[in-house]
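Spelled out from the first residue to the last, the chains are:
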Amino acid sequence: MLTRREFLKLTGLLPLVYAGAHWLGPRRAAAANSPNILILLFDTFTAQNLSLHGYARRTTPNLERLAERAIVYHQHYAGGNFTTPATASLLTGMYPWTHRAIRLFDRVNPALARRNMFAAFDDYHRVAYAQNPVANTLLVQFMRDLDEYLPLHKGVPWRDVLFTRLFSRDHIIATAARNLSLRGEFERSASLFLSPLYNRVWRAKEKRLRRDNGDEFPLGLPTLDEENHMTLDGNVDFLLEQVAGLPHPYLAYFHFFPPHGPYRPTAAHVQRFDGDGFEPPRKPLHPLKMESNAGRFEVERRWYDAYLSNLDEQIGRLFQLLEQRGLLQNTILLLTADHGEMFERGIIKHFHKSLHQPVVHIPLLVFLPGQSERLDILSPTSAVDVLPTLLHLAGKPPAPWAEGCTLRPFRSGPADAERPFYALEAKESHPARPLGMSSAMLVRWPYKLTHYYGYRELEVADGRLTELFNLEQDPEELDNLAPQMPDLANELLANLLGRMEQADAPYRS
Amino acid sequence: MNNAAVSPTRPARLTRAQLWQFFLWVAFPIHAWALYHYFRSADRFAGRSNWEGLGLGGYVVLIALVESALVCGLFLLLGLLLPRRWPADRRMAALTGLYLTTAAWALFAQAVPAGLRRGPVRWNERLAPINQPGEVWPLALFLTLVLASLVLPLWIARYPRWQRALAGLAERVGLLSVLYLGLDALGIAIVLIRNVWSP
């Protein structure tokens, strides 16, 4: 029996209960029957090297099998050629020139920070994890729109405990300071006495890890930065553990580091493509080439492909376990990448100025609940289309800021042929100023125009170069049509520059 | 023999003021080096916000402060190995001189290009054909330099004139170090704010 005093105390809580019911009750109830959304993103996962998309090496037999009950997008494009702009485009539905996260570790323009996928799903339980520190920077920015933010170190079993745990709320800057002070990232360390000691301890740890795991990982344990290590099967276990207990409906975003370099496949995969006689199409060196050591390109590509094969095996395992545990019921699963990787034209990996197909052509597979047949979408699509599509699938109104549109087959109406798609590489530009040195791409099927601007190494006025390819007839981008089709090149270029000019307008003062 | 060195009237233990003075002496090159590198790499972090740039600086000086405390403690422990009969001034001069040479070596190891640092290895390669055991030359060179570094400060600490000179130098440098410690306090505040109040 309550006393009078206790009763009065409890009545004081009534406004809070009312407010809670008002804000939480109807909001959550409205989405109770909505599907869960699970986004699996693999960093640096080019579509060009997947046998699913016709690559000569059999890198993805499991994905091929799984694709038999998925929607497969064959011409899906990233918003940029490295993690920051590309991930921000996926998460915001905006192109890099709009969201302005264009340099390594940049965040989205603060004025646009609430225009993100998680804010748009405010009646869902929203959880996000990024194993790539660069992508994690964006999640930290969107944290107020997340119900659960999983810190980077949670999915990294072998880690630099001191800096990632001691400063877990600020580990990105703390780790940058560690690299500057103790690791000697700039040849010299900012620490006079501790750095040799720290590096000695670190090397001993590395040696121990190699000794303990050398049989299974001949090239070393998979790593983010040679200091924080994980395994591909460990990532699968981590994901299953996190997804299992989520309240429904949920929007879960998991951004895993592999197959980002350094490529560290297991022993079962490392020699998978050795001596297989595979020869990639020969391509001329690009004016923006980095190096021309063909031997290195061959070895790196082979190891990357082996790592893809390793990842594919784990994707197969992941799907099997998700199904066994009933975690795919009423769940839409998206499998995609932030950007790709390349080994051609004297340009290697992805942190460079190129926007050739290997760095911007990425996979997108959508698995709908209960789907049993494959559907191939051949028309081009972009990472900025993902957010509008997810909103459509969840029965939500479109996000007014999103620059993409709902993907087929969820949308009817005119074909995508006339719809242009863009990508931008502008890591040398300042996000709060008009774009300077940059590479910008426009795809209007079947043509792809790339405009390089401000690169001194091009040795032409303004450092400009324009390339035009017909992707249908020339998917390897070998024949630059710009000199032969100047009218079309100029029309597409005007469109591209117009979009850039428009996006730059708020930054001109 | 120097009578002052064995005078029974002087206490053998370092006073609090001397300990503080020695800490400031230790902190000076560590902080100067850390801040030099922080500003040297500033362009690399120019893309970040000012608050992140300050955060980075906060951690750098925090690491420098921890390093100063650890190194100071280590040298004071080493000081226990000095003869007990040495008066405090001589003990202080010896530690000050030892730290000076050690810091100089640490600076040399980092500041001198790697090619030059590998010099002894190249000498070893040249001497190898004349039947010298492979590891002897670099080891001998290293030991000679280490011993010289140890002996020199211990030897000059015998003389009151050098003791006064080192004490004067430490006092002047200590003033600059106090400024660095002010930056440390600011750095700690920044790190705390970033870890307690940031999302």
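Here the structure is a predicted model, which is why all the values come from computation and not from measurement. (Residues numbered from 1 in each chain as written. Chains lettered and ligands numbered in written order. Predicted model: local features only at pLDDT ≥ 70, side-chain atom pairs only at ≥ 80, totals over all residues.)

I tried to follow the overall build of chain B on my own but got confused; where do I start?
Of the regular secondary structure elements, chain B holds 7 helices and 0 strands. When its helices and strands are written in sequence order, chain B yields α-α-α-α-α-α-α. (Helix = DSSP H or I, 4+ residues; strand = E, 2+ residues; numbered from the N terminus.)

How do you make sense of the nonpolar core when you look at a structure like this?
Core analysis: the largest hydrophobic core is formed by 121 residues, its most contacted members being A:I39, A:A128, A:F254 and A:L365. Top element by residues in this core is helix α14 (residues 294-324) of chain A. It accounts for 10 residues. The contacts of A:A128, once residues within four sequence positions are left out, are A:F118, A:L139, A:L146, A:Y149, A:L150 and A:Y253. Membership of the second largest hydrophobic core comes to 45 residues, among which are A:I172, B:F22, B:F28 and B:A170. (Core = buried A, V, L, I, M, F, W, Y, C linked by C-beta atoms within 7 Å. Buried ≥ 20, exposed ≤ 12 C-beta atoms within 10 Å, placed from the backbone. Contact = placed C-beta atoms within 7 Å.)

How should I be thinking about the confidence of the model for chain A in this particular structure?
Residues of chain A with pLDDT of at least 70 account for 92%, and the chain-wide mean is 90. Taken together, the stretch residues 10-27 of chain A has pLDDT below 50 and engages in 1 contact with residues farther than four places along the chain or on a different chain. (pLDDT = per-residue confidence, 0-100.)

I keep staring at unusual backbone geometry and nothing clicks. Help me out?
Trans is the prevailing form of peptide bonds, just as negative phi is the prevailing case for residues other than glycine. Residues and elements named next belong to chain A. Residue P249 is reached from H248 by a cis peptide bond, and omega for that bond is -10°. Tracing the chain through its elements places P249 in the loop between α12 (232-244) and β5 (250-256). One non-glycine residue with positive phi stands out, namely T44, at about 60°. You can see T44 is positioned in the loop between β1 (36-42) and α4 (61-66). The phi torsion at N330 lies on the positive side, around 55°, for a residue other than glycine.

Hey, could you run me through the sheet that holds strand β12 (residues 438-444) of chain A in this one?
Strand pairing within a sheet occurs via backbone hydrogen bonds; the two strands may be parallel or antiparallel. Residue and element names in this part refer to chain A. The strand order β11-β12-β13-β14 describes an open sheet built from 4 strands, whose pairing is antiparallel. With partners counted over all chains shown, the strands left at the sheet margins are β11 (421-425) and β14 (465-470), one partner each. In this sheet, adjacent strand axes meet at a mean angle of 15° when their direction is disregarded. Pairing analysis gives 6 bridges linking strand β13 (residues 447-453) to β14, with the strands arranged antiparallel. Across the sheet, residue Y452 finds its bridge partner in β14, namely L465. (Pairing = 2+ DSSP bridges. Axes fitted to C-alpha atoms, helices over the stretch in contact; angles between N-to-C directions.)

How should I be thinking about the interface of chain A and chain B in this particular structure?
Bring the parts together and some accessible area is lost; that lost area is often taken as the interface size. Across the contact, 23 residues belong to chain A and 26 residues belong to chain B. In terms of residue count, the dominant contributor to the side of chain A that touches chain B is helix α10 (residues 171-183) of chain A (6 residues).

Sorry if this is basic, but what is going on with the packing of helix α3 (residues 88-111) of chain B against helix α7 (residues 160-196) of chain B here?
If you want to describe how two helices pack, look at the angle between their axes and the distance between the axes. Residues and elements named next belong to chain B. The N-to-C vectors of α3 and α7 enclose an angle of 60°; their axes lie 9 Å apart at closest approach. The angle between the axes of α3 and α7 places the two elements in the oblique class. Seen from above, α3 lies across α7 with left-handed handedness. On the side of α3, the interface is formed by D89, R90, M92, A93, T96 and G97, while α7 contributes W162, Q163, L166, A167 and A170. Residue composition of the contact of α3 with α7, by class: 6 nonpolar, 3 polar and 2 charged. (Parallel < 35°, antiparallel > 145°, perpendicular 65-115°, else oblique. Left-handed = near helix turned anticlockwise from the far one by under 90°. Nonpolar A, V, L, I, M, F, W, Y, C, P; charged D, E, K, R; others polar.)

Would you explain the environment of A:N136 in this entry?
All names here are of chain A. With respect to the helices and strands, the residue N136 is situated in helix α8 (residues 133-141). Each C-alpha atom, one on N136 and one on H255, is 8.8 Å from the other, the two residues being 119 residues apart in sequence. Apart from residues no more than four positions distant in its own chain, N136 is found in contact with A130, L152 and I172.

Mind showing me how you'd approach the domain arrangement of chain A here?
Splitting chain A by domain gives domain 1 (1-30) and domain 2 (35-157 + 230-418). Using C-alpha coordinates to define each centre, domain 1 of chain A is positioned 44 Å away from domain 2 of chain A. (Domains from an automatic or database assignment.)

Can you help me understand the sheet that holds strand β4 (residues 148-150) of chain A in this one?
All names here are of chain A. The mixed open sheet is built from 8 strands, whose spatial order is β4-β3-β5-β1-β6-β9-β2-β10. Only two strands of the sheet have a single neighbouring strand rather than two, namely β4 and β10 (375-382). Taken pair by pair, the neighbouring strands of this sheet meet at an average axis angle of 15°, ignoring direction. In terms of strand pairing, β1 meets strand β6 (residues 331-337) through 7 bridges, oriented parallel. The residue bridging N36 from the neighbouring strand is T331, located in β6.

I keep staring at the environment of A:T223 and nothing clicks. Help me out?
All names here are of chain A. Turning to its location among the elements, T223 is positioned in the loop between α11 (194-213) and α12. The exposure class assigned to T223 is buried, which follows from the 21 C-beta atoms found within 10 Å. Through-space distance from the C-alpha of T223 to that of R159 is 9.5 Å; in sequence the pair is 64 residues apart. Non-local contacts of T223, meaning those with residues more than four positions away in its chain, are made with N228, H229, P262 and R264.

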